[in-house]
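A look at the structure
Below, each chain spelled out in residue letters.
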Amino acid sequence: MSVDDYESLRIVQNAYVVQDLDQAIQRWHSAHGLGPFVVSRHLKFEHSLYRGTQIPLDISAAFVQAGDLQIELICQHNPGPSAFRDMFAEGQEGLHHVAVFPDNYDRFVSGYIERGCAVAAELSAAKGWGAAFIDTRKTWGHMLEVYRVNDGIKAFYRLVADAARGWDGRNLIIDL
């Protein structure tokens, strides 16, 4: 990795594993006044690789804007291995990852692999959305989500930010 790679790094999100999505939304709203939360329940993935092996993954997620940073709350519904379970067993919660929008996805991921960090998971969904979770726990204490940046993911981030900017305090949850 070169200095240019670090200069182009854009941290866009902090994400937390939670056990109950709706309770976590209420906690975050009560503690910080954040809202509205854009919620996707039982996300559908075209591909869900965990350490190179296709696995079933059933998660729900809530997204909310906090200043310039997006916050994601993630709840894994199914048992079994995943990048989320690598850090938190069932019943545990906490900061799971920081997400970034790199200028060059392949070069960025390769740079971490060259430094000895494994790709814990790769997820892809419809419309070209995709991301890798790099196991940076030894370096940073959490995972690193690296997005394949495209117009769809940028539009989603704008949707969450715009919802927060115009929020009147009603309708805490926007279900997608």
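Okay, so let's go over this structure.

About the thresholds
- Per chain, the residues get numbers from 1 upward, laid out in the order the sequence is written.
- The predicted origin of the model limits local features to residues at a pLDDT of at least 70 and limits the giving and counting of side-chain atom pairs to 80 or more, whereas totals for whole chains, interfaces and linings rest on all residues.
- Side-chain numbers come from the whole structure's heavy atoms, not from hydrogens or water.
- Two strands are said to pair when DSSP picks up at least two bridges between them.
- In this description a helix means any DSSP run of H or I spanning at least four residues, a strand means any run of E spanning at least two, and both kinds are numbered starting from the N terminus.
- For this analysis, a ring pair means two rings from Phe, Tyr or Trp (six-membered ring only for Trp) whose centres lie within 6.5 Å, classed as stacked if their planes differ by under 30 degrees, edge-to-face if by over 60, and tilted for the remaining angles.
- Throughout, exposure labels follow a simple rule: accessible area from a 1.4 Å probe, protein chains only, divided by the maximum for the residue type, with under 20% read as buried, over 50% as exposed, and the rest as partly exposed.
- Contacts are assigned to residue pairs with any non-hydrogen atoms lying within 4.5 Å of each other.
- Counted as a polar contact is a pair of N or O atoms within 3.5 Å, where, for protein atoms, one must be capable of donating a hydrogen and the other of accepting one, and residues adjacent in sequence contribute only when both atoms are in side chains.
- Criterion for a salt bridge: a side-chain nitrogen of Lys or Arg within 4 Å of a carboxyl oxygen of Asp or Glu.

**Notes on the sheet that holds strand β10 (residues 143–147)**
Strand order in the open sheet made by the 11 strands is β4-β3-β8-β9-β10-β7-β1-β6-β5-β2-β11, with mixed pairing throughout. Each having just a single partner strand, β4 (53–54) and β11 (173–175) make up the two edges of the open sheet. Of the pairings in the sheet, the one linking strand β5 (residues 59–66) to strand β6 (residues 69–76) comprises 8 bridges and is antiparallel in character. Bridge pairing in β6 places V64 opposite I71.

**Structural notes on the packing of aromatic side chains**
For the structure shown, the criterion picks out 10 aromatic pairs. Pairing F63 with F156 gives two aromatic rings, centres 4.9 Å apart and planes at 85 degrees, and the pair type is edge-to-face. You can see F63 sitting in strand β5 and its partner F156 sitting in helix α6 (residues 151–165), a full 93 residues away along the chain. The exposure class of F63 is buried, given its relative accessible area of 8%. Given a relative accessible area of 19%, F156 falls into the buried group.

**Considerations on the environment of L34**
Take L34: it is sitting in the loop between α2 (21–32) and β2 (37–40). A relative accessible area of 14% means that L34 is categorised as buried. Sequence separation between L34 and A164 is 130 residues, and the spatial gap between their C-alpha atoms is 7.9 Å. Those residues in contact with L34 that lie beyond four places of it in its chain are W28, H29, V64, Q65, A66, W167 and L172.

**Observations concerning the side chain of N78**
Tracing the sequence through the fold places N78 in the loop between β6 and α3 (83–87). Within the local environment of N78, its side chain forms a polar contact with the backbone oxygen of P56, the two atoms lying 3.1 Å apart. Sequence-distant contacts of N78, that is, excluding residues within four places in its chain, are made with P56, L57, D58 and R85.

**Structural notes on the environment of R158**
As for its position among the elements, R158 is in helix α6. A C-alpha to C-alpha distance of 21 Å links R158 and N104, two positions 54 residues apart in sequence.

**Points about the pattern of salt bridges**
With the rule as written, the count across this model stands at 9 salt bridges. Across the salt bridge formed by R27 and E93, the nearest N and O atoms sit 3.2 Å from each other. Taken together, the residues R27 in helix α2 and E93 in the loop between α3 and β7 (94–100) connect sequence positions 66 residues apart. Under the relative-accessibility criterion, E93 is labelled partly exposed at 37%. Each of R51, D86, D135 and R137 takes part in one network of salt bridges that share partners.

**Thoughts on the pairing of β7**
Within β7, 6 of the 7 residues are buried, which leaves the element mostly enclosed by the surrounding structure. Relative to β7, strand β1 (residues 11–17) runs antiparallel, the two sharing 6 bridges. Within β7, the position partnered with I11 by the bridge is V100. As paired strands, β7 and β10 are joined by 4 bridges and run parallel to one another. Each residue of the ladder has a partner; that of V100, found in β10, is V146.

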